[in-house]
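These are the residues of each chain, in order.
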2 protein chains.
Amino acid sequence: MKNTDRGSEHLSKPERRIRNVLYIMSDQLRADHLSCYGHPRLETPNIDWLASRGVLFDRAYVTSGVCGPSRMSSYTGRYMSSHGATWNHVPLSVSELTMGDYLCGSGLKAALVGKTHVKPDLSGLDRLKMENDDSYTRLIKGGFSEVDRYDGHAPPGAESGYGGYLRAHGYAGDDPWNDYVVSGERPDGEVVSGWSMRNAKYPARVAEAHSETAYTTDQAIHYIQQQGDAPWVLHLSYIKPHWPFIAPAPYHDMYGIEDCTPLIRADHERDNPHPVVAAYQQHRESLAFARDEVVETVRPVYMGLIKQLDDHLGRLWEELKRLGRLDDTLIIFTSDHGDYMGDHWLGEKELFFEQSVRVPYIVYDPSGEADATRGTVEKRFTECVDTLPTILDALGIGGYDHRIEGKSVLPLVRNGDAGDWRTFAVSELDYAYRGARHTLARKPDECRGWMIRTERWKYIEWSGLPCQLYDLENDPNEFHDLGSSPEHAGVQDEMKAHLFEWLKSLKSRTTVSYQQVEDKTDNDSKFGVHIGIW
Amino acid sequence: MKNTDRGSEHLSKPERRIRNVLYIMSDQLRADHLSCYGHPRLETPNIDWLASRGVLFDRAYVTSGVCGPSRMSSYTGRYMSSHGATWNHVPLSVSELTMGDYLCGSGLKAALVGKTHVKPDLSGLDRLKMENDDSYTRLIKGGFSEVDRYDGHAPPGAESGYGGYLRAHGYAGDDPWNDYVVSGERPDGEVVSGWSMRNAKYPARVAEAHSETAYTTDQAIHYIQQQGDAPWVLHLSYIKPHWPFIAPAPYHDMYGIEDCTPLIRADHERDNPHPVVAAYQQHRESLAFARDEVVETVRPVYMGLIKQLDDHLGRLWEELKRLGRLDDTLIIFTSDHGDYMGDHWLGEKELFFEQSVRVPYIVYDPSGEADATRGTVEKRFTECVDTLPTILDALGIGGYDHRIEGKSVLPLVRNGDAGDWRTFAVSELDYAYRGARHTLARKPDECRGWMIRTERWKYIEWSGLPCQLYDLENDPNEFHDLGSSPEHAGVQDEMKAHLFEWLKSLKSRTTVSYQQVEDKTDNDSKFGVHIGIW
């Protein structure tokens, strides 16, 4: 990764400083499927280029390995246990401030192109009887100012302009997304559904130029062009490489199984696994990905979708360069979680294996203070709660420490004093909505898991069930669960102590700032109250 | 306490069942200052009468030993770490549902006479741009429908009708509360301020019939009379015996120091105490109550204020009896926290000694199912978070388990199956607003304490500071802190494990009900999403 070309040749202006923020999220992209993170066959030169100009965070974790809670953490800067939106179907409480709330005090908006997975707390809002004005609108959109919200699998027309765009480009019908974007065409001309993974190998019926990734990139470029020299913050949030797994030509058959990295799974992982892992291995998607034909069909297409994403990011970089925006734009590239693709006999995401909770995290800071770290790899732990405080730090917005639990990574990027950086990463899971709950006969509040990942260990605590423990130094593939190993009781206690400290540190006093606390400390007399006077 | 008269003679109607709720809170009333809780000289026959007809909970704890967080727990049914209003100056988040929210779905209101200490989250509300209608009004009042909100020490006229009431009764001036209610008159006629505790021995300048306790009782009786046979829920919330410590005649000199229970303090408690206790011992009120003259002056008046409260409760019971309301009204009597009154060399409240966090808790259920427990003492742990679920249970309102962390005590009162009842009580403290924070040089988020109280032990965990431990079996006065005792390391670990489990069990997924979780569990296909299909 170390790049000897320090890569500031593109930085033309005499003064390089952050005025804009481009916060790019892909969906379901695992870290090890980028060449800068070590994939041997999937070349992602454009993402690599960003890493060569910025800092690649090698140990970046999401607060939960599933879209909703992970994204809500990114948008609020708070852990899942704090924001409470613990799974995809759980609305974000009206009391949670998001990116847009923090920015609006500075006259900025959090513009959105693409996906957020925000579910507004409509029943909470209903109780509040808000006026149906801009505040309400922003609130139900999670604080974002929508250029075009596009969450993928939605009823046609409900959210995005993509449906109309498709029709305008000749994809007729009520649901062109279903009929063209996630449908494929067999060589014999038969139209087949991308929801069935057996069809992943066929090209989608949408032209590449009109596909989701292309459309989303176009929207972002157009937005950035429109801003001219006015400062902006854009969340560019791609739905891909998220399912349905079907790619437009030529990406549908760009890779074969020979290009895939070996499956990270061992036969013994199916013998007496941890009860929650066992239950997840029985989920439909896991049973599917346990079959060779599924892996062999889907993995190459997953890679194709990533390649396509990388190509469009190249197009975006070119445009930023042309507009001079590489001199004044902070760029963060990451993902909301990964995908097992058959590893550990699992499909999809959740749980706490690296394939699910470890994500790419690349930060490009145009300013001179960051020149010393360009092209370097940072091993200290980053979590998705760091994104919002990093953005606010970059824009000089403060006063949020009483709510936000993440930390700005700018001190790391600028080689500055980052203080006592965290020594472990935390991730959480609520499997109440999953079949695993029924398999394990648990109540909806008994389905919680917590991961503590230190330099060497990954420890997982489960509500009412045994723990898991992996020695990442000697078992980087997480094949050997030491959760019931008596000789590791000491390590388990140490990890439990980390979790205990973390639980105690969660921020619940969110309605007053530290300054407000300071102003009122032992100052009751100011308010006409005189206690303890003889 | 066991009362052989089972006390159902007053229950006249053939059908006794709960239709109304009278939830009585006194402020700063410690449990051991009632005769039914063992005070040898302070006779409280009316509160005792309630206990003889109901169940006296002997181990009732508040979630924090200070008004704001304790009351917010009572009104939300949630622990302090969950509702986030961690001290008196901290507004309750707009997302927290209170008693009034739960009742309104059943066409009931939570009527309020007296104090709540609710601080509305005005900045949170400002962000929401609510219409200034009933919802907004209820929200800024913590969900209560105010008959008369009276928080005591408030600017005249800001909250209560008490100011106008006083003026109508001849107490002229801009601030009759200050000039008459909390001012005393010396034998030589000089008017003195009740804010100075040296003046506690003089009678207040208000006639007893116009005092806070009398006025508050009048308001409650009037409200109950007005309801006729319509069902109601009333929170009758007395400000007394809270400071300023000054009582109207004849209560100002009804007791002398000879009537007071001995001070619970030992000289060695000032030698090398726990750092937080040491810091609290240096607060102004603690230094004052460390002086004999303060204790000897204030304690008898504190007792007088309690005696006055008991007399007015007798008046209230009579009225309830006359109206037939003893047949259909659930009555809960409790307090929001206690007062050290010099015990442990402390004044006021907070920390975790019994005098602060243990409160009276008496539940009277008119229904026949409760006859078997009348006059009994219940030793199982009750917490103030139990009040709201008890009220909702009594009224047949359900579906709140995903938010409310307390448990209905009705199964205990009705001698029914209470399931696995809690084996420990929890209390918390946030001392960020107190001088102790400066003394200990801590940041606003480093001032947290947690108490675990089991049958035998009281364990206290502090952020970044050593723990405390008391053996209540052998040291009921909590004189010997075993927090640094190596031989008690095992007990400390056990208590820490309880706290760990409790922290993990806090309810953060509050925007969906358990039923909503059930309805959507592994049901994605219903919403057009088909994952894991080959």
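Residues numbered from 1 in each chain as written. Chains lettered and ligands numbered in written order. Predicted model: local features only at pLDDT ≥ 70, side-chain atom pairs only at ≥ 80, totals over all residues. Heavy atoms only, no water.

Under an unreviewed UniProt entry, the name given to chain A is Sulfatase, and the organism recorded is Marinobacterium nitratireducens.

A. Structural detail: the nonpolar core. Leu-22, Ile-24, Leu-234, Leu-316 and Phe-333 of chain B are the most contacted members of the largest nonpolar core, which has 141 residues in total. A per-element tally of this core places helix H12 (residues 292-323) of chain B first, with 13 residues. Excluding residues that lie within four positions of it along the chain, Phe-333 of chain B makes contacts with Ile-24, Ser-26, Leu-29, Leu-34, Ile-47, Leu-50, Leu-309, Leu-313, Pro-360, Tyr-361 and Ile-362 of chain B. One finds Leu-108, Trp-243, Leu-429 and Tyr-431 of chain A within the second-largest nonpolar core, a separate group that totals 140 residues. (Core = buried A, V, L, I, M, F, W, Y, C linked by side-chain atoms within 4.5 Å. Buried < 20%, exposed > 50% of the residue type's maximum accessible area, 1.4 Å probe, protein only. Helix = DSSP H or I, 4+ residues; strand = E, 2+ residues; numbered from the N terminus. Contact = heavy atoms within 4.5 Å.)

B. Up close: the interface of chain B and chain A. Taken together, the contact between chain B and chain A spans 79 residues of the former and 78 residues of the latter. The contact between chain B and chain A buries some 7,300 Å² in all, and 54% of this surface belongs to carbon and sulfur atoms. On the surface where chain B and chain A come into contact, there are 12 salt bridges. A salt bridge links Arg-509 of chain B to Asp-445 of chain A; the shortest N-O distance between them is 3.1 Å. Here chain B is connected to chain A by 41 residue pairs in polar contact (both at pLDDT 80 or more). At six residues, the largest contribution of residues to the side of chain B that touches chain A is made by helix H17 (residues 489-505) of chain B. Across the side of chain B that touches chain A, the residue classes break down as 28 nonpolar, 21 polar and 30 charged. (Buried area = accessible area lost by both parts, 1.4 Å probe. Salt bridge = Lys/Arg side-chain N within 4 Å of Asp/Glu carboxyl O. Polar contact = N/O pair within 3.5 Å; in protein donor to acceptor, adjacent residues only side chain to side chain. Nonpolar A, V, L, I, M, F, W, Y, C, P; charged D, E, K, R; others polar.)

C. Up close: the sheet that holds strand E9 (residues 329-335) of chain A. Residues and elements named next belong to chain A. Taking strand neighbours across the sheet as the criterion, the eight strands line up as E5-E4-E8-E1-E9-E10-E2-E11 in an open arrangement whose pairing is mixed. The sheet terminates laterally at strand E5 (145-149) and strand E11 (376-378), the two strands that pair on one side only. This sheet shows a mean twist of 15° between the axes of neighbouring strands, independent of strand direction. As judged from the seven bridges shared by strand E1 (residues 20-26) and E9, these two strands associate in the parallel manner. In the sheet register, Ser-26 faces E9, and the bridge partner there is Ser-335. Seen against the sheet, helix H1 (residues 45-53) touches strand E2 (55-57), E9 and strand E10 (361-364) and runs at an angle of roughly 55° to E10. (Pairing = 2+ DSSP bridges. Axes fitted to C-alpha atoms, helices over the stretch in contact; angles between N-to-C directions.)

D. View of the relation of the copies chain B and chain A. Between the two copies, chain B and chain A, the superposition gives an RMSD of 0.0 Å; the rotation angle is 180° and the shift along the axis is 0.0 Å. A rotation of that kind, with that shift, is consistent with a two-fold axis. Closest to the rotation axis within chain B is the C-alpha of Met-130 of chain B, separated from it by 2.1 Å. An overlap of 99% is found between the interface residues of chain B and their copies at the interface of chain A, pointing to a shared contact surface. (Least-squares fit on C-alpha atoms with pLDDT ≥ 70 in both.)

E. View of unusual backbone geometry. In the segment running from Ala-249 of chain A into Pro-250 of chain A, the intervening peptide bond is cis, with an omega of 10°. Tracing the sequence through the fold places Pro-250 of chain A in the loop between strand E8 (233-237) and helix H10 (275-281). Here the phi dihedral of His-117 of chain B falls at roughly 65°; this positive angle occurs in a residue that is not glycine. Its relative accessible area of 14% is what places His-117 of chain B among the buried residues. Residue Ala-441 of chain B is not a glycine yet carries a positive backbone phi of 55°.

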